[in-house]
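# Results of the structural survey
What follows is each chain in one-letter form.
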Amino acid sequence: MSVGFLTVGVVSAAWVAVDVFRHPQRMAIMNVVWPLTMLFGGIVWLLLYLRRSRAVAGRGTGRGSSMAVSVAIGTSHCGAGCAIGDLVGEFVLVLFPLLGTLVGRGTFYQDEIFAGWIIDFVLAFALGIVFQYFSIAPMRGLGFRAGIVAALKADTFSISAWQVGMYGVMALAQFLVLPAFFGGRADVVTPEFWFVMQLAMVAGFATAFPVNWALIRTGVKERM
């Protein structure tokens with residue numbers, strides 16, 4: 001089952017990557033965001049793309065969509081940074097385990113899973129702000145400094161809320177469910193780990209959605 005869900009995500013991401021190359025989004029950063037969201041969203045996010053974004057690619061920005069759809073797209077935009085941050089962070093730690101000591105392993109805690117979460121968060125936050133900068137700066141006509149400040153205001157709470165949901169599910173799975181039913185945790189290099197991560201990312205979307213709604217409603221974040 002894990003392999004099946006992962007395959008759907010990867011195939012969806014590849015198809016959308018080709019599609020946005022052939023039919024670029026008006027907002028350039030979305031050409032990167034949409035394929036990344038497919039990695040965890042699979043068929044559901046593919047349908048969102050086909051029905052609400054591809055139809056207006058090159059001709060609009062989706063502003064005619066309902067508030068719920070706009071918030072879903074904005075939240076997914078936030079999740080793209082988390083997706084690539086988690087992928088890079090987890091595999092970098094596998095390849096260079098000594099990096100764990102730089103984020104406190106062996107000093108403040110012993111469990112490697114916490115080192116991975118810290119690295120994931122730092123990368124996800126940094127990439128999320130970069131993605132948000134390339135969205136909000138062009139829409140508002142901001143310079144670099146003002147754009148970074150606006151991106152920080154728009155995505156700090158959003159990314160943090162996403163990570164709360166994501167880490168909550170990962171902790172539940174790795175500390176309780178998997179040991180109880182399968183005899184141990186899922187290793188980073190196994191399909192089971194990344195299937196759980198897909199579920200955790202969807203949980204992150206759920207916890208970040210109301211935060212994004214509030215940010216968009218108050219004008220801190222732009223509708224997408």
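Up top you'll find the structure we're talking about.
Residues numbered from 1 in each chain as written. Predicted model: local features only at pLDDT ≥ 70, side-chain atom pairs only at ≥ 80, totals over all residues. Heavy atoms only, no water.

Moving on to the overall build of the chain. Within the chain, the secondary structure is distributed over 7 helices and 0 strands. Its helices and strands in sequence order give the chain the pattern α-α-α-α-α-α-α, from N to C terminus. Against the 2.2 N^0.38 benchmark of 17 Å for 224 residues, the chain shows a C-alpha radius of gyration of 18 Å, consistent with a compact globule. For the C-alpha atoms alone, the extent of the chain along its principal axes is close to 50 × 40 × 30 Å. For the chain, with 224 residues in total, the buried portion stands at 47%. Residue pairs at least 24 apart in sequence account for 74% of intrachain contacts in the chain once pairs closer than 6 positions are excluded. Accessible area of the chain: about 10900 Å², with a carbon and sulfur share of 72%. Charge-centre separation for the chain: the mean point of 15 positive side chains lies 19 Å from the mean point of 10 negative side chains. (Helix = DSSP H or I, 4+ residues; strand = E, 2+ residues; numbered from the N terminus. Rg over C-alpha atoms; globule rule 2.2 N^0.38 Å. Buried < 20%, exposed > 50% of the residue type's maximum accessible area, 1.4 Å probe, protein only. Contact = heavy atoms within 4.5 Å. Areas by Shrake-Rupley, 256 points an atom, 1.4 Å probe, with all protein chains shown as cover. Lys, Arg positive; Asp, Glu negative; His and termini not counted. Charge placed at Lys NZ, Arg CZ, Asp CG, Glu CD.)

All right, on to the side chain of Q198 then. Along the chain, the position of Q198 falls in helix α7 (residues 191-217). A distance of 2.9 Å separates the side chain of Q198 from the backbone oxygen of L39, its partner in a polar contact. Setting aside residues no more than four positions away along its own chain, Q198 makes contact with F5, L6, G9, L39 and F40. (Polar contact = N/O pair within 3.5 Å; in protein donor to acceptor, adjacent residues only side chain to side chain.)

The next thing to look at is the state of the cysteines. Summed over all chains, the structure comprises 0 disulfides. Here C78 is not disulfide-linked; the sulfur of C82 is the nearest cysteine sulfur, at 4.7 Å. With a relative accessible area of 0%, C78 lands in the buried category. A residue is classified by how much of its surface remains accessible, and C82, at 0% relative accessible area, is buried. (Disulfide = S-S within 2.5 Å.)

The next point concerns the environment of F209. Among the secondary structure elements, F209 is positioned in helix α7. The exposure class of F209 is partly exposed, given its relative accessible area of 22%. Separated by 64 residues in sequence, F209 and R145 place their C-alpha atoms 27 Å apart.

Moving on: the nonpolar core. Residues M30, W34, M38, W162 and M201 are the most contacted members of the largest nonpolar core, which totals 53 residues. The dominant element in this core, judged by the number of residues it contributes, is helix α6 (residues 144-182), at 12 residues. (Core = buried A, V, L, I, M, F, W, Y, C linked by side-chain atoms within 4.5 Å.)

There is a patch of nonpolar side chains on the surface, built from F114, L172, F175, L176, V177, F181 and F182 and spanning about 730 Å² of accessible area. The element contributing the most residues to the nonpolar patch is α6, with 6 residues. Topologically, F182 is positioned in helix α6. Here F182 falls in the exposed class, since its relative accessible area comes to 65%. (Patch = residues over 30% accessible without salt bridge, like charges linked within 9 Å, V, L, I, M, F, W, Y side chains within 5 Å. Salt bridge = Lys/Arg side-chain N within 4 Å of Asp/Glu carboxyl O.)

The subject of this paragraph is the packing of helix α3 (residues 67-95) against helix α5 (residues 112-140). At their nearest, the axes of α3 and α5 sit 7 Å apart, and the two run at 140 degrees to each other. Compared by their axis directions, α3 and α5 come out oblique. Like other packed secondary-structure pairs, α3 and α5 cross with a definite hand, here right-handed. Here the contact of α3 with α5 is built from residues that sort into 12 nonpolar, 8 polar and 4 charged. (Axes fitted to C-alpha atoms, helices over the stretch in contact; angles between N-to-C directions. Parallel < 35°, antiparallel > 145°, perpendicular 65-115°, else oblique. Left-handed = near helix turned anticlockwise from the far one by under 90°. Nonpolar A, V, L, I, M, F, W, Y, C, P; charged D, E, K, R; others polar.)

In contact at an axis separation of 7 Å, α6 and α7 are set at 145 degrees when each is read in the N-to-C sense. Here the hand of the crossing between α6 and α7 comes out right-handed. Residue composition of the contact of α6 with α7, grouped by class: 20 nonpolar, 6 polar and 1 charged.

All chains considered together, the criterion is met by 5 salt bridges. D155 is paired through a salt bridge with K221; the nearest N and O atoms lie 2.8 Å apart. One end of the pair, D155, is in helix α6; the other, K221, is in the segment after α7, with 66 residues separating them in the sequence.

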